[in-house]
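# Inside the fold
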There are 2 protein chains.
Amino acid sequence: MGVTLKDVAERAGVSRSAVSRTFTEGASVSARTRAKVEKAARDLGYSPNALASSLTTGRTKLIGLVSNNFHNPIFLEVFDLFTRGLQERGLRPLLVNLSNETDPANSVRMLRQYSVDGVIVASSTLPPSFAEAFRDAGVPVVHSFGRYTTSPHVHVVGIDNIACGRMAAQALVARGHRRVAFLGGPQSATSTQDRERGFLEAMALHPEITVSVTHASAYSFDAGRAEMQRLLQGRPAEAYFCGDDVLSIGALSAIQEAGLRVPEDIGIIGLNDMAMARWQNIDLTTIRQPLAEIIEASIDLVVATIERPERHPETRLFPCRVIERGTLRQI
Amino acid sequence: MGVTLKDVAERAGVSRSAVSRTFTEGASVSARTRAKVEKAARDLGYSPNALASSLTTGRTKLIGLVSNNFHNPIFLEVFDLFTRGLQERGLRPLLVNLSNETDPANSVRMLRQYSVDGVIVASSTLPPSFAEAFRDAGVPVVHSFGRYTTSPHVHVVGIDNIACGRMAAQALVARGHRRVAFLGGPQSATSTQDRERGFLEAMALHPEITVSVTHASAYSFDAGRAEMQRLLQGRPAEAYFCGDDVLSIGALSAIQEAGLRVPEDIGIIGLNDMAMARWQNIDLTTIRQPLAEIIEASIDLVVATIERPERHPETRLFPCRVIERGTLRQI
DNA sequence: ACCTGTATTGCAACCGGTTGCAAAAAACCG
DNA sequence: CGGTTTTTTGCAACCGGTTGCAATACAGGT
């Protein structure tokens, strides 16, 4: 089945080293030898075994792409951008699905067995310790959509969730709402913790406004809908900042089912700006997270860390902005 | 950084073979040696290099997962199921994003360089020739969501799109509609070609019913919405079978925006039953594609082919069924 | 204790490449 | 043209494992 270096060398009448060299960037080969080798390789349909060469070069060009968010529609966009971005740089994503797993040990072991050059942890719900386990194992790692800390142990790329919370608060304040609320994702998610904190911080400047906070059990449609249904049993707020878009859409659904109007009776602002938020029959006002930039930066950072592993941990946060659509009344 | 076999052997005071054997299933090692080796390995934090061993065993446990559907929400579910299913069997998905690429040559070369044990092409829009390119290169391959042919050159797992077309037709007929239509995806997609064929075939038995056919430019919300807007300029049909769910939701949006009621003025039936179809504010009547079974079977089949490469190409089709929701009037 | 059959072990070659080094070839130069 | 410098080449060792084979250890039977 497999055509090897040796086969090509024999056919071209040169040494194995010569063949190896024609296929390695910047090695010393004469034009004549190269031509002979290339012809032989073409005839035989040879292409070098990346895994075998990784053994000596120490580089596999494999990047572990680890996530536990296989249910949030935004992650389809995330995977699309990551896979394309990695491919453009000649890197290959080895996908790891971490649903209902929180112990990093298995993933670390597995990805080390495959000698990945680096790892990208793409998750807004995993704790920082997860990515740190990779760093501790000596694997270059970037936590995308992770939490910013002042003394990071690991590269983080994402958004300033606290600032987003503030931004949402300001959007509601600017519209003159007097009773507002945060409908968060699971309390264990760092993203929800930070968004809540920013929201409350900004609201603290407006003591005349009533603020309340509740949490859905997951970043999911069903959880958002269930939580909003619960809220509608009592006296709901005038406007809600929801933990993310999919939660927002669940809440939206509950509100419409209850026969209330959006944004007249209840306003909603989400966070992410996933594809469905743009759908005209959803038309969700939301805070856009600049996915493409975050992912671009994550890849840059993991590549840079592979090249200089001693590199100091760094945090890169990207600014978000409100996308005005139909679920929050206009100013 | 890396602890190797040799390090463990030295520490345990045994040969390298002994270490290798304790880590290979079914090899001959005495309990005493095994204990010594395991202790040494634990002390050193050793875990075997999967790539190095693949060199001699010829197995990498890497499976290429190739797709060009990174925009259809159903594929998030698909990736979730594939990655989990593969992981459960100790296989690792190497993800390849084929957006706007139609030439298999690059993917074939790349996946061969990484010596993947097998490939799963997960796409309802790629031509059969794509998967065949892998088979021609001697790589075990399964085409998931592919087209059934009577003399397959490659394993295919999916649904009978022609039967689905008929099923949709019957659903519309049963509801007494007299003017129906198929709003397909891109004409180049084999799935659309087959659904259309089945739909028309079944409708041919009802000459009293008027049938028309149009195509959206992609399986996407925007394309579905645009096409329905165009249709609404003229005299629309009473009910539409849409090429897939995301197209249906686009069409739904256009209908609602035009101030028409669903299902009273226009009925819609989709295909896939993706997560959003269940969302109560969408509530799409659709034909469910049994994703989990399809993916399970795809993995089984690729594994079986890896074990017996000479295995005859096989087609496995799974039955679909109508999921009644709110976009088609009840019988 | 001795013989035989089975289990365990280490040696050495191999998987498909890469690379330091020294020899050979080519290019340069007066 | 001979001497020197620079390029190109092949040899052989190595990357981190696996495996056939022969040697050794052990167990069972009498």
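These figures come from a predicted structure and were not determined experimentally.

### What to know about the pattern of salt bridges
In this structure the tally under the stated criterion is 38 salt bridges over all chains. As a salt-bridge pair, B:Arg147 and B:Asp194 come within 2.7 Å of each other at their nearest N and O atoms. One end of the pair, B:Arg147, is in the loop between strand E4 (141-144) and strand E5 (155-159); the other, B:Asp194, is in helix H9 (residues 190-203), and 47 residues separate them in sequence. Judged by relative accessible area, B:Arg147 falls into the partly exposed class, the value being 23%. Of the residues examined, B:Asp194 reaches a relative accessible area of 8% and is grouped as buried. One connected set of salt bridges, linked through shared partners, spans A:Arg11, A:Lys39 and A:Asp43.

### What to know about the packing of aromatic side chains
The way to describe two aromatic rings as a pair is by their centre distance and the angle between their planes. Residues and elements named next belong to chain A. One pass over the full model with this rule turns up 18 aromatic pairs over all chains. For the ring pair Phe-23 and Tyr-46, a centre distance of 5.4 Å and an interplane angle of 65° mean the geometry is edge-to-face. Placement of the pair is Phe-23 in the loop between helix H2 (16-22) and helix H3 (31-44) and Tyr-46 in the loop between H3 and helix H4 (50-57), with a sequence separation of 23 residues. Overall, Phe-23 belongs to the partly exposed group, its relative accessible area being 36%. For Tyr-46, a relative accessible area of 13% gives the class buried. Consider the rings of Phe-199 and Phe-241, whose centres lie 5.6 Å apart with planes at 40°: the pair is tilted. In this pair, Phe-199 is assigned in helix H9 (residues 190-203) and Phe-241 in strand E8 (residues 239-242), connecting sequence segments 42 residues apart. Classification of Phe-241 as buried rests on a relative accessible area of 0%. Here the aromatic residues Phe-70, Phe-75, Phe-79 and Phe-145 are joined through ring pairs into a cluster of three or more.

### Section: the protein's contact with DNA strand D
Near DNA strand D, the surroundings consist of 26 residues, among which A:Arg21, A:Thr33, B:Leu5, B:Arg16 and B:Ser20 are the closest. Among all atoms of DNA strand D positioned within 4 Å of the protein, those belonging to sugar or phosphate total 58%. A:Ser15 is positioned with one of its side-chain polar atoms (N or O) 2.9 Å from a phosphate oxygen of DNA strand D. Note that a phosphate oxygen of DNA strand D is positioned 2.7 Å from one of the backbone N or O atoms of B:Leu5. Class assignment of the residues belonging to the surface near DNA strand D gives a composition of 9 nonpolar, 14 polar and 3 charged.

### Comments concerning the interface of chain B and chain A
The interface is formed by 52 residues belonging to chain B together with 52 residues belonging to chain A. Buried surface at the junction of chain B and chain A, summed over both partners, amounts to about 4600 Å²; 61% is from carbon and sulfur atoms. On the chain B side of the interface with chain A, the three residues burying the most area are B:Leu76, B:Tyr114 and B:Trp279, jointly 15% of the side's total. Summed over the shared surface of chain B and chain A, the result is 0 salt bridges. Where chain B packs against chain A, one counts 18 residue pairs in polar contact (both at pLDDT 80 or more).

### Some points on the relation of the copies chain B and chain A
Of the transformation placing chain B onto chain A, the axial shift is 0.0 Å and the rotation is 180°, giving an RMSD of 0.1 Å. The transformation just described matches what one would write down for a two-fold rotation axis. Judged by C-alpha distance, B:Leu94 is the residue of chain B that lies nearest the rotation axis, at 2.4 Å. When the interface residues of chain B are mapped onto chain A, 100% of them again fall at the interface, so both copies present the same face.

### Thoughts on H3(A)
Think of an α-helix as turning once every 3.6 residues; residues three or four places apart then point the same way. All names here are of chain A. The first and last C-alpha atoms of H3 sit 20 Å apart over 14 residues, in line with the 20 Å expected at 1.5 Å per residue. Among all positions of H3, only Thr-33, Val-37, Ala-40 and Ala-41 are buried. Within H3, the buried residues cover an arc of 100° as seen down the axis, which keeps them to one side. Turned more than 90 degrees away from the buried face of H3, the exposed residues are Ala-31, Arg-32 and Arg-42. Just downstream of H3, Gly-45 is the residue with a positive phi angle, here 70°.

### A closer look at the nonpolar core
In terms of nonpolar packing, the biggest core is built from 145 residues, with A:Met228, A:Tyr240, B:Met228, B:Tyr240 and B:Trp279 touching the most fellow members. With near-sequence residues (within four places) excluded, A:Tyr240 lies in contact with A:Leu172, A:Ala181, A:Leu183, A:Met228, A:Leu231, A:Ile266, A:Gly267, A:Ile268 and A:Ile269. With 48 residues, the next largest nonpolar core counts A:Leu94, A:Val119, B:Leu62 and B:Leu98 among its residues.

### Digging into the sheet that holds strand E12 (residues 321-323) of chain A
Sheet strands pair by backbone hydrogen bonding; their relative direction is either parallel or antiparallel. All names here are of chain A. Ordered by their spatial adjacency, 6 strands build an open sheet running E7-E6-E8-E9-E10-E12, and the pairing between neighbours is mixed. With one partner strand each, in any of the chains shown, strand E7 (210-215) and E12 form the two edges of the open sheet. Adjacent strand axes in the sheet meet at a mean angle of 25° when their direction is disregarded. By the bridge criterion, 3 bridges tie strand E9 (residues 267-272) to strand E10 (residues 286-288) in an arrangement that is parallel. In the strand pairing of E10, Asn-272 is matched with Arg-288. Along the sheet, helix H8 (residues 161-174) makes contact with strand E6 (179-184), E8, E9, E10 and E12, crossing E8 at roughly 165°. Against the sheet, helix H11 (residues 245-257) contacts E6, E8, E9 and E10, and its axis sits at roughly 160° relative to E9.

### Notes on the protein's contact with DNA strand C
Around DNA strand C there are 26 residues in total, and A:Leu5, A:Arg16, A:Ser20, B:Arg21 and B:Thr33 lie nearest to it. Interatomic distance of 2.7 Å between a backbone N/O atom of A:Leu5 and a phosphate oxygen of DNA strand C. Of all elements in the fold, only H2 and H4 of chain A together with helix H2 (16-22) and helix H4 (50-57) of chain B reach the threshold of two or more residues within the surface near DNA strand C. Considering only residue class, the surface near DNA strand C consists of 9 nonpolar, 14 polar and 3 charged.

### Quick word on the environment of B:Thr60
Along the polypeptide, B:Thr60 turns up in the loop between H4 and strand E1 (62-67). Placed 19 residues apart in sequence, B:Thr60 and B:Phe79 show a C-alpha to C-alpha distance of 21 Å. Apart from residues lying up to four places away in sequence, B:Thr60 is in contact with A:Leu51, A:Tyr114, B:Ser54, B:Tyr114, B:Ser115, B:Val116 and B:Asp117. Separated by 2.8 Å, the side chain of B:Thr60 and the backbone oxygen of B:Ser115 make a polar contact.

### Points about the environment of B:Arg21
Residue and element names in this part refer to chain B. Tracing the backbone through its elements, the reader meets Arg-21 in helix H2. What makes Arg-21 partly exposed here is its relative accessible area of 42%. Linking Arg-21 and Ala-40, residues 19 residues apart in sequence, is a C-alpha distance of 14 Å.

### Overview of the domain arrangement of chain A
On domain assignment, one finds that chain A holds domain 1 (5-48), domain 2 (62-159 + 290-318) and domain 3 (161-289). In this structure, domain 1 of chain A and domain 3 of chain A have C-alpha centres spaced 62 Å apart.

Definitions and limits used
Residues numbered from 1 in each chain as written. Chains lettered and ligands numbered in written order. Predicted model: local features only at pLDDT ≥ 70, side-chain atom pairs only at ≥ 80, totals over all residues. Heavy atoms only, no water. Salt bridge = Lys/Arg side-chain N within 4 Å of Asp/Glu carboxyl O. Helix = DSSP H or I, 4+ residues; strand = E, 2+ residues; numbered from the N terminus. Buried < 20%, exposed > 50% of the residue type's maximum accessible area, 1.4 Å probe, protein only. Phe/Tyr/Trp six-rings, centres within 6.5 Å; stacked < 30°, edge-to-face > 60°. Near = heavy atom within 4 Å. Polar contact = N/O pair within 3.5 Å; in protein donor to acceptor, adjacent residues only side chain to side chain. Nonpolar A, V, L, I, M, F, W, Y, C, P; charged D, E, K, R; others polar. Contact = heavy atoms within 4.5 Å. Buried area = accessible area lost by both parts, 1.4 Å probe. Least-squares fit on C-alpha atoms with pLDDT ≥ 70 in both. Expected span 1.5 Å × (residues − 1). Arc of directions from axis to C-beta. Core = buried A, V, L, I, M, F, W, Y, C linked by side-chain atoms within 4.5 Å. Pairing = 2+ DSSP bridges. Axes fitted to C-alpha atoms, helices over the stretch in contact; angles between N-to-C directions. Domains from an automatic or database assignment.

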